[in-house]
Amino acid sequence: MSSSVVVVGSFNVDHVWRCESLPAPGATIAGRYSTGPGGKGFNQAVAARRAGAPTTFLCALGDDAGGAMARGLADQDGFALSAEASTEPTGTGGIYVDARGRNTIVIGPGANAALSTAYIEQQRSLLGGAKVVLAQLESPVETIEAALAIARDAGVTTVLNAAPADAPSSIGLLKLADILTPNETEFAALLGRHVGERIDADDVAALDGASLHALCRKLVGNGTVVVTLGAVGVFVSHAEETLRGDTQPYYRVGAEQVQVADTTGAGDAFNGALVASLAQDPDAAFARHVRFANQFAGKSTEKEGAAVAMPHFTPADV
Ligand code: ATP
C-alpha cells in the first residue's frame, strides 16, 4: 500500500503518574501509574490513519522495548513505520498529573533528537510519492527542513505543526510549509520570534478576523495559516492568490459541542485529520478539510489520552 500521508516526527513512551498533588522538590509521593504511546509525530500518524489515509510514519527509535512498542502499535493501527535505528534510547515522557488535571512533564528526546537528514534523504521517493507530508518540531530542525524541502520539490503539499512553542525554527522553515498549523501559544511565540510582534497567547482568540489575518500574512507571506484555538475552534488565513478552493481569505470555524473528557492531543488529532482529508480529496475546498478536522479533534477530546483517544472517523462518515 503506498502512503498518501507521510508524517515525520517523534515517538515517546509516556510514563504517567496521576497524583493528588504534584510532587514538591525533595518529596516522595504515591500516584496511579500508567504507560502508553506519545510523541506528536506518532499521535498525528495514528490520527491520519484513523481518519482514513494510508499513512507512513518516519521516525527514529532505539533498540529497546519502546521501539518495539512503536512498531507493534503501528502494525495494530494499520500504518507503515520507517524508523532510523538509533543507539540512543527511544524517546520518553515523564508526566505527573494532579487531581485538578494540571501537569508537569519532562521529555527525554533520546532517539527523536537523532533523526538525521541522511536518513530523510534515503526516504526521498517515499516523501516525493506522498500527497501530503506533515511534520512537527520535536525532531532536529534541520531534519524537518530537509523533509519539507524534498516534499516541496516534488510538488507534495507540506504541512508544519510548529509545536512545541519553545522549539527552534526559522522563517526559511516556515516558508517551506504550504500550510502552517500553530495553536495560539505557538502562534504568539512565532510572531514574537520571527516578526517582532509581541502578543499574549491568551489574547489571540479575541482578536478580530482582519487583525489575525494581517498577523498571519506578516508571518508567512504566501502560505495558509490555520491557528487552532482550543474550545473556541479554528482560524484560517489564506494569501489572496492561494485560496485553496475557499471563497474568503480568512474565516473562523467554531469548535464542536462535545462532552470533554481530556483535551490532551487535540492538536495532534486536528493535524492528522486535516492531512488525511487533504490527501483523500485534494480538490475539495479547504474549508471542508478544516471542518472535518475540527469534528475529528472534537471527538478526540471525548476520551482520555492522546493516541488512544483518536476516533475512527473518516471524511466518508461526515
Ligand atoms: P494539545 O497540545 O492538547 O494537543 P493544542 O493546544 O495543540 O492541543 P488546541 O488548539 O487546544 O490544540 O485544539 C485543537 C483543536 O481541537 C481545536 O482547534 C478544536 O478543533 C479541537 N478542540 C480542542 N478543545 C476542544 C473543546 N473543548 N471542544 C471542542 N473541540 C475542541
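Everything numeric here is computed off the predicted structure, so don't read it as measured data.

A word on the UniProt feature "active site" (unreviewed entry) in the protein
In step 1: In the numbering used here, UniProt assigns the feature "active site" (unreviewed entry) to Asp268.
In step 2: Among the secondary structure elements, Asp268 is positioned in helix 9 (residues 266-280).
In step 3: Aside from chain neighbours lying at most four places away, what touches Asp268 is Lys40, Asn43, Gln44, Ala47, Asn161 and Met310.

Topic: unusual backbone geometry
In step 1: Look at the link from Ala163 to Pro164: it is a cis peptide, with omega at 5 degrees.
In step 2: The residue Pro164 is located in the loop between strand 9 (157-160) and helix 6 (171-175) in this model.
In step 3: A positive phi angle, close to 50 degrees, is found at Arg244, a residue other than glycine.
In step 4: Owing to a relative accessible area of 28%, Arg244 belongs among the partly exposed residues under this scheme.

Details of helix 7 (residues 184-195)
In step 1: Over its twelve residues, helix 7 extends 16 Å from the first C-alpha to the last, a length consistent with the 16 Å expected when each residue adds 1.5 Å.
In step 2: Those residues of helix 7 that fall on the buried side of the exposure criterion are Glu184, Glu186, Phe187, Ala188, Leu190, Leu191, Gly192 and His194.
In step 3: In the core, the buried residues of helix 7 are packed alongside helix 6, strand 10 (179-180), helix 8 (209-220) and strand 11 (224-228).
In step 4: Taking the backbone nitrogen of Thr185 as reference, a side-chain oxygen 3.1 Å away marks Asn183 as the first, capping residue of helix 7.

Regarding helix 2 (residues 65-77)
In step 1: Its 13 residues place the ends of helix 2 18 Å apart at the C-alpha level, agreeing with the 18 Å of an ideal helix rising 1.5 Å per residue.
In step 2: Taken together, the buried positions of helix 2 are occupied by Gly66, Gly67, Ala70, Ala74 and Asp77. Looking straight down helix 2, one finds that the buried residues subtend no more than 105 degrees of arc, so they occupy a single side. Residues of helix 2 that are exposed and point more than 90 degrees away from the buried face comprise Ala65, Asp75 and Gln76.
In step 3: At its buried positions, helix 2 is contacted by strand 2 (12-18), helix 1 (40-50), strand 4 (55-62) and strand 5 (80-86).
In step 4: Gly78 sits one or two residues past helix 2 and shows a positive phi near 80 degrees.

Rules used throughout
Residues numbered from 1 in each chain as written. Predicted model: local features only at pLDDT ≥ 70, side-chain atom pairs only at ≥ 80, totals over all residues. Heavy atoms only, no water. UniProt positions renumbered as here; feature names shortened; annotations may be inferred. Helix = DSSP H or I, 4+ residues; strand = E, 2+ residues; numbered from the N terminus. Contact = heavy atoms within 4.5 Å. Buried < 20%, exposed > 50% of the residue type's maximum accessible area, 1.4 Å probe, protein only. Expected span 1.5 Å × (residues − 1). Polar contact = N/O pair within 3.5 Å; in protein donor to acceptor, adjacent residues only side chain to side chain. Arc of directions from axis to C-beta.

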